[in-house]
Amino acid sequence: MAEAKPYEWSQTDSEVAVRFPMPAAAGKDIKVKTESSHLTVSLAGKSVFKQELANKVEVDDCFWALEGADESRTLVITLCKKKDKVQWRGLTKEEEEQVPGPDVMAPDFDVMGLEHDDDDPERVEEQEQNEIKLEARYKKLLEEKGLQDESTLQTFFALFDNCIQLYRLNKLHTYLQDVLPECRQRTDKYKLKAVQAMAFVLWKQSKFKEALPLFHEMEDILGKGAALCENIAHTYNSMGNYDKAEDYFRQALKFIEQEHGLNRGNRGGVLLGLGLVRDRLGKHREALPVIKQAYDFYKERANGAPASLQAKAGISCAKLHAKLGEMEKAEVFIREAVMMYEVTCGETSPLTASAYHELGKCLWAQRKREDAQKALARAYELESMKDAWDLVTLLEIHNTLMDTHLKDTTNINRTKFQEYFKTVEFVTGRVRKNLPQDGNAAVYYKAAGELKSWGGKYSEAKELFNEAIPLFQKEKAMDCSGLIAACRDMLSFCDRNLAGQQNSPMNFDVPTTKEESLDEPYDGPVFEEIQDDDENAAMEEVVRAAIGAGSSSSSAAPAASPCEYRLATPGDFEQALRLCAECGRTPLLADQAGFTTHLQGSGAGLCWAAVSSGRVVGFAVCGSDGIHAHVQQLLSSSTVGGRAEEELRHGLLERCAEACREKGLRGLRAEPSVAGERGGELFEALSWKASHFVYGSPATVVDEAPAAAAAPAAAASSSSSSSAAKPAAPKDLGTWAKVDVEKELVADE
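Predicted model, so just to flag it, every value in this text is computed and none were measured. (Residues numbered from 1 in each chain as written. Predicted model: local features only at pLDDT ≥ 70, side-chain atom pairs only at ≥ 80, totals over all residues. Heavy atoms only, no water.)

(A) Structural detail: the overall build of the protein. From N to C terminus, the protein includes 26 helices and 16 strands. Every one of the 749 residues in the protein was classed for burial, and the buried ones make up 55%. Here the analysis covers contacts within the protein between residues at least 6 apart in sequence; of these, 66% occur between residues at least 24 apart. A total of about 31,700 Å² of accessible surface is found on the protein, and carbon and sulfur atoms cover 49% of it. (Helix = DSSP H or I, 4+ residues; strand = E, 2+ residues; numbered from the N terminus. Buried < 20%, exposed > 50% of the residue type's maximum accessible area, 1.4 Å probe, protein only. Contact = heavy atoms within 4.5 Å. Areas by Shrake-Rupley, 256 points an atom, 1.4 Å probe, with all protein chains shown as cover.)

Written out as structure tokens, the structure reads:
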């Protein structure tokens, strides 16, 4: 026989009433604690109820009172339902699980009960279960009633609300291809909801130019409001139009104060956006207190529960602290964000992946090696699983992870690299399946082959190098001869080990002085590296491996040149061809269309011309992969002669390096061949340092963890852009309407 419960409960559409008989000894000793999903009651010092509730409640609207007198006194606790009209199947989660749930396929099933509420501390397991139920119901209704039926649309938008939290962007975009045209023909709420949904998905996919017209369409329908102004502001901010972004953010703040009062509504999101505008303008110290206000806003609203919005604001605080050199403060914020994302979004969420990436970078900047390796390995694994994955992000994690094993160390244990094989193999498969097989794919194959070589899997490494070489050979955006040579060197290294001609140790000490390195030479894997200082340069003779670019040494300024230097224009094409012919060089960009496309694309603001007496006498072709800039071809007229020609080439390179700095790129790289037969001498004269094949300018390196593999100048492609996360929930546009700022929070700086 079941034990009698010490309470009775009942419900209406909006409230739940729980009644406890009062013991005579209780007197005034009554303690009631109401949380969003828990209720605790003690009477006369004895706990009579402490359980998880079946559903969420509005804590601020709950209350209790005493009814009756003397021995018939009753404690009545009134709980305000978070979701109106949703009928509870039990008072507690345990009771609810014992009662059979309604059939999700039943015609009268209430999908509102499965809709996700952004203000709740999120439960990813529950969302995944609801996704299955809602998708099955949607497909059934679509087949039976079609998209014109309101119950079909109601189910779709409940599914949308749930799936957007789980980051099912590609799935939702596919569904909306059919839903949006159908809803555009309607005159009810579903027209706006469909436009809004597509705008939101496009924004999450970083397709800001496509999302912006949809937001303005909503503006025409609704007029301006706090949430919509904020959405538009974030979009302009992501597109780099900071004036427009700040204007719309300020309008959003004004509407929030009018609609909700001070420090209410989604003030935190707007403050976050304003802070990010200042950050992008380089005003980091000014941005920090604004971002901190947003963090405090979300923290107060969460009331002690883990919250993804608090975590996102915390990541922004961490990035600013890192830029200001305050790494310990940054680490505190990031660790909190990792914990919150795992609870609210799930252990495999894209936001969790990005947070681990940030944590790994922060820890490595402090040289907390083992902790950094754990965080980066987890980030690598999670980023590789993303729906909207990004090759550049994966390469950055890969390279930073390699740094943690190879840089600033006295011992290299090659067996450690085997821990990453599974992730590398998974990414390699996605690159083969989903990306164009070009120089960008080759960069990853080369990086994967290097890791396999370090891990002692020489046969598997050879396959990857053999896969990369023909793709580099087809690449026209830059001269890849250095990358090809590096792959061939690695192939030779693998062949020697496989043939037993070389026995490379799997664990060895790295000498700390040049004299020590010369005593014990190591003929191991060869990687591109530009060392940070003279002490590190000694390591090249031992390991000849590293990942990165740049030098901390300063470069002497070139002697004054009589030439005028300016940015290249499409009109320089014919003179660039003439210079190639004069120098006996093959034109890198052999037609006007390709030349113009490059100057407006990856080479924008990076290519320079030297002009003397109205004639182009020197030309530097550069391109960016979004992380580094690369000198692809350097031309100078032999008619200038001797010392003047040398000064001309120096002048072009100095201006390319300056342009690289202005764009915030990590470094400027060049292979000797881009400058002709004596290219190496040219770069060394400028104090550029090299390891094996690649030179790097000393003045453009902006971080401590440079990248491992030089990408082709063409911007590295990806299957999709980086992703976003759970939005705040303005009431006027629907629970999923608020565009969050995850792009700014987790995107690579």
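(B) Geometry of the pairing of strand 1 (residues 8-11). Bridging between strand 1 and strand 2 (residues 15-21) involves 4 bridges; their strand directions are antiparallel. Paired with Ser10 across the strands is Ala17, a residue of strand 2. Connecting strand 1 to the antiparallel partner strand 2 that follows it, the hairpin turn spans 3 residues. (Pairing = 2+ DSSP bridges.)

(C) How the structure looks around the side chain of Thr352. Residue placement: Thr352 occurs in helix 13 (residues 350-365). Overall, Thr352 belongs to the buried group, its relative accessible area being 0%.

(D) Seen up close, helix 15 (residues 391-406). For helix 15, which comprises 16 residues, the first-to-last C-alpha distance of 22 Å matches the rise-based estimate of 22 Å (1.5 Å per residue) to within 8%. Burial runs high along helix 15: 16 of the 16 residues are buried. Remark: Asp408 follows helix 15 within two positions and exhibits a positive phi of approximately 50°. (Expected span 1.5 Å × (residues − 1).)

(E) Representation of the nonpolar core within the structure. Ranked by internal contacts, the top residues of the largest apolar core, which has 137 residues, are Phe160, Val179, Val431, Tyr444 and Phe472. Looking at this core element by element, the count peaks at 11 residues for helix 5 (residues 189-204). If sequence neighbours within four positions are ignored, Val179 has contacts with Tyr138, Leu147, Leu153, Phe156 and Phe157. Among the nonpolar cores identified, the runner-up in size contains 25 residues, and Cys622, Leu668, Phe683 and Trp688 belong to it. (Core = buried A, V, L, I, M, F, W, Y, C linked by side-chain atoms within 4.5 Å.)

(F) Molecular detail of the confidence of the model for the protein. When pLDDT is averaged across the protein, the result is 78; 78% of the residues are at 70 or more. Contacts from residues 118-122, a stretch scored under 50 in pLDDT, to residues over four places away or in other chains number 21 contacts. Below pLDDT 50 for its whole length, residues 514-561 participates in 137 contacts with residues either more than four positions away or in separate chains. (pLDDT = per-residue confidence, 0-100.)

(G) Expanded view of the environment of Asp489. Structurally, Asp489 can be placed in helix 19 (residues 481-498). Relative accessible area serves as the criterion here: at 28%, Asp489 is assigned to the partly exposed category. Note: C-alpha distance between Asp489 and Phe465 (24 residues apart in sequence) is 9.8 Å.

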